[in-house]
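# Working through the structure, step by step
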Amino acid sequence: MSEAAHVPFTETKAPESAERLHRGALGLVDISASTMANIGPAYSFYFGGAFIFLAAGLASPLVILVAAVAIALLGNTLSQFSRAHPSTGGFITFIGKTFGGRSAVTTALVAGTGYIIAISSVLVISGGFVSIFIQYYTGTNIPWIIFSALFTAGAMFMMFRGVAVSTRLAGFFFAFEMLVLFVVSIAVLIKNGGHLSGVPFEPSKVLNGFSGLGLAFPLAIYLFIGWENSAALAEETTNPRRNVPRAVFLSIALMAFTYLVVAYATVTGFHYSITALTAPLIPFIAVAHSVAAWLAFIAYLAGLTSTLGVLIAAVNSQCRLIFNAGREGLLPRWIGRVQPVRRTPVNAIITFVGIASTITLVWALGHWIGGHGNSVDALNFFFESSTMGTILILFVYLAANVALPFYYRKYRPAEFNIYYLFKPGQADPYNWFPWVGLGLIVVSILYSIWLVSRDPGLGDRVGSIIADE
């Protein structure tokens, strides 16, 4: 291996631009809290959990575990990129550096559009959840758009003040929701301690088998959306090569554990009854109420703070993607300007939230013009916009995974090799494993050539026998 491979990573020089963010404003705890606030476990589980239960039934915790493994693999991709090339551009930078300018512009447009559509669901549900809360406890119906407008304006004000203060506020909201989720879950498990079982983790309990797994899996992936938050904060983070990967894995691990506990408690609280589990609009709040009314009340509060935390953390990180794209000329350059005193990407924040608000308005007008005004409610828009936004974001995830080996082959070739597997002088039996493997491959190739030459129709018979014949 070349000597260059042993040289520690050095700090990549930032773009020669006056439009620089507040370097070193955040530490590991800050970006980890921001990332988990962006995921918003209460927000995500309240509104996504019900659909996972409908799709996968009693084994929903098992589906969440599978999704956590998939997200961890994605986290490895992001961590490797961030270790080699930390950048506010996140996936846009990583894919663009690998495949060139056209891919960078395409990714900027796809990622930016996906995140903006997804954040529009958060803008709406922030007000919608408060409207549901007030109606449940007072019977008064106040339009959700009023609360959405107030919360959005407040969140933007905090973000304008600076990344540190807004990130810590989101972290405070996150801490409260985590406390409530675990308090309620533990209370439910204690109450139902007499009939705890491994049913929620039995593959045979997945509703409709692989079909149910396939339907529930993307919904479970949605629970983790936001795990990539820390990468976009790299420019403002101390030692980003070390702290961003740590934040990614720490966040994924803690969120996976939280979802497993909360999902298991919810399924257990309904006594492993699919009918009861899928009946409420928000199963977790219903199961909290079955233990004590005050638990349901604080569960509602946790949903509210979680939604506000998601709103602040998501806009904070995701607007920086389009900010960096504007700064580098992938998008209009005025998007890439910062407020000179607090070093915040004000234009990107306004653009991000403004387009998301416009999407919401167009959606509402479309429903009214189409004669479906009765379906203009926060939950309906949340499900539609979050689904559309997630689809676009998943394309970016896929492209990033494809890009990773090409990036290392192109920019860090000394680290893209299998030298250590074949390195001479290793201890027995590892020193002869590579040669045995190579021999088996050669023998397999020679045998396949001989067999197909004797039976040319062999390839046509591959897959000719199907299970349902």
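Residues numbered from 1 in each chain as written. Predicted model: local features only at pLDDT ≥ 70, side-chain atom pairs only at ≥ 80, totals over all residues. Heavy atoms only, no water.

### Brief notes about the overall build of the protein
Where we set the bar: Every helix listed is a DSSP run of H or I at least four residues long, and every strand listed is a run of E at least two residues long, numbered separately from the N terminus. Note on exposure labels: buried denotes an accessible area under 20% of the residue type's maximum, exposed denotes more than 50%, and partly exposed covers the range between, all computed with a 1.4 Å probe on protein chains only. Throughout, a contact is declared for two residues whenever any of their heavy atoms are within 4.5 Å. Note on areas: these come from Shrake-Rupley sampling with a 1.4 Å probe, and a residue is covered only by the protein chains present in the view.
Counting its regular elements, the protein contains 17 helices and zero strands. Across the 469 residues of the protein, 50% fall into the buried class. The long-range share in the protein, meaning contacts at least 24 apart out of those at least 6 apart in sequence, stands at 80%. Put simply, the protein shows about 21,400 Å² of open surface, and 69% of that area lies on carbon and sulfur atoms.

### Considering helix 9 (residues 240-269)
For an α-helix, the turn length of 3.6 residues means that residues three or four places apart are oriented alike. For clarity, the cut-off: The span one expects for a helix is its residue count, reduced by one, times 1.5 Å.
With 30 residues, helix 9 ought to run about 44 Å at 1.5 Å a step, and its terminal C-alpha atoms sit 42 Å apart, in line with that. Remark: His 271 follows helix 9 within two positions and exhibits a positive phi of approximately 55°.

### Some details on the layout of surface pockets
As a reminder, the rule being used: Two kinds of site are reported from a 1 Å grid over the protein atoms alone, namely cavities, where a 1.4 Å probe fits but cannot get out, and pockets, open sets with protein on both sides within 12 Å along at least five of seven lines, and residues are called lining when an atom falls within 4 Å of a point. Grid points are joined across faces, edges and corners, and a volume is the space filled by probe spheres set on the points.
By volume, the largest pocket amounts to about 510 Å³. Considering the residues around the largest pocket, the lining is formed by 23 residues, among which Val 124, Trp 144, Ile 145, Ser 148 and Thr 360 are closest to the centre. Among the elements of the structure, helix 5 (101-138), helix 6 (144-161), helix 13 (346-369) and helix 14 (378-411) are those that each provide at least two residues to the lining of the largest pocket. It is helix 5 that contributes the most residues to the lining of the largest pocket, six residues altogether.

### Description of empty space enclosed by the protein
The condition is simple: All residues other than Ala, Val, Leu, Ile, Met, Phe, Trp, Tyr, Cys, Pro, Asp, Glu, Lys and Arg, Gly among them, are scored as polar; the first ten of these are nonpolar and the last four charged.
Tallying each qualifying case throughout the model produces three cavities of 30 Å³ or more. If you add up the space inside the largest cavity, you get close to 150 Å³. Going through the elements one at a time, helix 1 (28-39), helix 2 (41-56), helix 5, helix 12 (293-327) and helix 14 are the ones with two or more residues in the lining of the largest cavity. Ranked by the residues each element gives to the lining of the largest cavity, the list is headed by helix 5, at five residues. Along the lines of polarity and charge, the residues of the lining of the largest cavity split into 11 nonpolar, five polar and no charged. In this structure, the second largest cavity spans a volume of roughly 100 Å³. Of all the elements, helix 12 adds the most residues to the lining of the second largest cavity, at three residues. For the lining of the second largest cavity, the per-class residue count stands at six nonpolar, six polar and one charged.

### Describing the side chain of Thr 93
With respect to the helices and strands, Thr 93 occurs in helix 4 (residues 91-99). Excluding residues that lie within four positions of it along the chain, Thr 93 makes contacts with His 85, Ser 87 and Asn 324.

### So, a nonpolar patch on the surface
Here is the rule we go by: Patches here: salt-bridge-free residues with over 30% relative accessible area, like charges joined within 9 Å, nonpolar side chains (Val, Leu, Ile, Met, Phe, Trp, Tyr) joined within 5 Å. Just to be clear on terms, a salt bridge is a Lys or Arg side-chain nitrogen sitting within 4 Å of an Asp or Glu carboxyl oxygen.
Where nonpolar side chains cluster on the molecular surface, the patch consists of Leu 65, Val 69, Leu 73 and Phe 201 and spans about 350 Å² of accessible area. As for its placement among the helices and strands, Leu 65 is situated in helix 3 (residues 60-84). The partly exposed category is assigned to Leu 65, whose relative accessible area is 35%.

### Regarding unusual backbone geometry
Residues other than glycine seldom take positive phi values, yet Asn 208 does so here, at roughly 65°. Structurally, Asn 208 is set in the loop between helix 7 (163-191) and helix 8 (209-222). In the Ramachandran plot, His 271 falls in the positive-phi region, its phi being about 55° despite a non-glycine side chain. Tracing the chain through its elements places His 271 in the loop between helix 9 and helix 10 (274-277). Of the residues examined, His 271 reaches a relative accessible area of 49% and is grouped as partly exposed.

### A short note on the packing of helix 4 against helix 14
As a reminder of what qualifies: The axes used here are C-alpha line fits, helices contributing only the stretch in contact, and every angle between their N-to-C directions lies in the interval 0 to 180 degrees. Angles below 35 degrees are treated as roughly parallel, those above 145 as roughly antiparallel, those between 65 and 115 as roughly perpendicular, and all remaining angles as oblique. Throughout, a crossing is termed right-handed when the near helix is turned clockwise from the far one, and left-handed when it is turned anticlockwise from it by less than a right angle.
At their nearest, the axes of helix 4 and helix 14 sit 8 Å apart, and the two run at 50° to each other. Classified by the angle their axes make, helix 4 and helix 14 are oblique. Along this stretch, helix 4 crosses helix 14, giving a crossing that reads as left-handed. In contact with Phe 91, Phe 94, Ile 95, Lys 97, Thr 98 and Phe 99 of helix 4, helix 14 contributes Val 396, Tyr 397, Ala 399, Ala 400, Val 402, Ala 403, Phe 406, Tyr 407, Lys 410 and Tyr 411. Of the residues belonging to the contact of helix 4 with helix 14, the class tally is 13 nonpolar, one polar and two charged.

### Some remarks on the environment of Ser 211
If you trace the backbone, Ser 211 turns up in helix 8. When the C-alpha atoms of Ser 211 and Ala 55 are compared, they prove to be 8.7 Å apart, with 156 residues separating the residues in sequence.

### With respect to the environment of Leu 21
Tracing the backbone through its elements, the reader meets Leu 21 in the segment before helix 1. The exposure class of Leu 21 is buried, given its relative accessible area of 5%. With 317 residues separating them along the chain, Leu 21 and Val 338 place their C-alpha atoms 7.1 Å apart. Among all residues touching Leu 21, those that are not within four sequence positions of it are Thr 88, Glu 235, Glu 236, Arg 320, Phe 323, Arg 327, Val 338, Arg 343 and Pro 345.

### Focus on the nonpolar core
Put simply, the rule is: We call a set of buried residues a nonpolar core when its members are Ala, Val, Leu, Ile, Met, Phe, Trp, Tyr or Cys and they connect through side-chain atoms within 4.5 Å of each other.
Membership of the largest hydrophobic core comes to 130 residues, with the highest contact counts inside it found for Tyr 46, Phe 47, Phe 224, Trp 227 and Val 315. No other element matches helix 12, which puts 18 residues into this core. When neighbours within four sequence positions are excluded, Trp 227 is seen to be in contact with Thr 35, Ile 39, Ile 71, Leu 74, Gly 75, Leu 78, Phe 91, Val 248, Ile 252 and Tyr 397.

### Let's talk about the environment of Tyr 136
Within the secondary structure layout, Tyr 136 lies in helix 5. Under the relative-accessibility criterion, Tyr 136 is labelled partly exposed at 46%. In this view, Tyr 136 contacts His 289 and Tyr 300; residues no more than four positions away in its chain are not counted.

### Overview of the pattern of salt bridges
Summed over the entire model, instances satisfying the criterion amount to three salt bridges. Between Glu 235 and Arg 327 there is a salt bridge whose closest N-O contact spans 2.7 Å. Note that Glu 235 is positioned in the loop between helix 8 and helix 9 and Arg 327 in helix 12, a separation of 92 residues in sequence. Using a relative accessible area of 9% as the deciding quantity, one classes Arg 327 as buried. Between Arg 320 and Glu 236 there is a salt bridge, with the nearest N and O atoms lying 2.8 Å from each other. Here Arg 320 is found in helix 12, whereas its partner Glu 236 is found in the loop between helix 8 and helix 9, with 84 residues between them in sequence. Exposure class is identical for Arg 320 and Glu 236. Each is buried.

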